[in-house]
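Single-letter residue listing:
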Amino acid sequence: MTATSFSLMFFGCFVTLLIWGHTTVVCLVDENFAAQPATTIGYQSTEMTNNATYGDTTLSFGCGKNSNICMDYCNICYQYYGGPTMDCLYKLFNHLCLSKFGQAMASLNSTDWCIWGNVSGSYSNFSLCTEEISDCLLIPWPNPLVEQTFVDIHFMFFKDCPTEELSDPPPVIVFALVITPICLIPVMVSLVVLKTKNGDGSS
């Protein structure tokens, strides 16, 4: 194998890896901007059309049977909102889930909020509470309201917590790692051209 063919083979492999790496990074970056599936905000369940009865109240919508309290949630939504709307879900989240989570967080010092062992139980209970209410009202979980609720509690309680130990390197290092291969490409091309100008490339 001559030096010229080795240089061309090396250059071809290098360019292939560079293109592969670029498309991989582009795909990973574009994945964050991909359109998320739409979720209905004003959801009314039509899966169950037969009326559920609870005491004197007749519900014109389906109600989940995941726990004993589901009928209570459905009756509250029926009485105040006419059905399982996102407004009703929002009020139930605030009254039942968020208030308990807020009380649990208030019982801790704010310095303990960033220690996962101290908040994991309350956080799991909050998550289960939102899921249970959504399931009872036959509203898909997660949904935009659940996502916004979690964003809100993270902003209220965890915004001052340090981020992960492994973070992105400083921009100077990223720039150096990106620009080095880019600068090597013209050098490799010029070496190949100089070798081929000298004749058969065996010198």
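Residues numbered from 1 in each chain as written. Predicted model: local features only at pLDDT ≥ 70, side-chain atom pairs only at ≥ 80, totals over all residues. Heavy atoms only, no water.

Overview of the side chain of Asn143
Phase 1 of the analysis: For Asn143, the position within the fold is in the loop between helix 4 (116-136) and helix 5 (144-157).
Phase 2 of the analysis: At 2.8 Å, the side chain of Asn143 forms a polar contact with the backbone oxygen of Pro140.
Phase 3 of the analysis: A polar contact is formed between the side chain of Asn143 and the backbone nitrogen of Leu145, at a distance of 3.0 Å. (Helix = DSSP H or I, 4+ residues; strand = E, 2+ residues; numbered from the N terminus. Polar contact = N/O pair within 3.5 Å; in protein donor to acceptor, adjacent residues only side chain to side chain.)

What to know about the packing of aromatic side chains
Phase 1 of the analysis: Under the counting rule described, the total for this entry stands at nine aromatic pairs.
Phase 2 of the analysis: Where Phe101 meets Tyr123, the ring centres are 6.5 Å apart and the plane angle is 70 degrees; that geometry is what we call edge-to-face. One end of the pair, Phe101, is in helix 3 (residues 86-106); the other, Tyr123, is in helix 4, and 22 residues separate them in sequence.
Phase 3 of the analysis: Take Tyr123: its relative accessible area is 18%, and that puts it in the buried class.
Phase 4 of the analysis: Between the aromatic rings of Phe126 and Phe150, the centroid separation amounts to 5.1 Å while the plane-to-plane angle is 70 degrees, which identifies the pairing as edge-to-face. Here Phe126, found in helix 4, pairs with Phe150, found in helix 5; they are 24 residues apart in sequence, far enough to count as distant. With respect to class, Phe126 is no different from Phe150; both count as buried.
Phase 5 of the analysis: Taken together, the aromatic side chains of Phe101, Trp113, Trp116, Tyr123, Phe126, Phe150, Phe157 and Phe158 make up a single cluster linked through ring pairs. (Phe/Tyr/Trp six-rings, centres within 6.5 Å; stacked < 30°, edge-to-face > 60°. Buried < 20%, exposed > 50% of the residue type's maximum accessible area, 1.4 Å probe, protein only.)

Some remarks on helix 3
The α-helix advances 3.6 residues per turn, and as a result positions three or four apart in sequence lie on the same side.
Phase 1 of the analysis: Leu98 marks the point of greatest bend in helix 3, at about 35 degrees.
Phase 2 of the analysis: Regarding helix 3, the residues found buried are Met86, Cys88, Leu89, Leu92, Phe93, Cys97, Phe101 and Met105.
Phase 3 of the analysis: The inward-facing, buried residues of helix 3 abut helix 2 (70-81), helix 4 and helix 5. (Bend = angle between axes of the 7 residues up to and from the residue. Contact = heavy atoms within 4.5 Å.)

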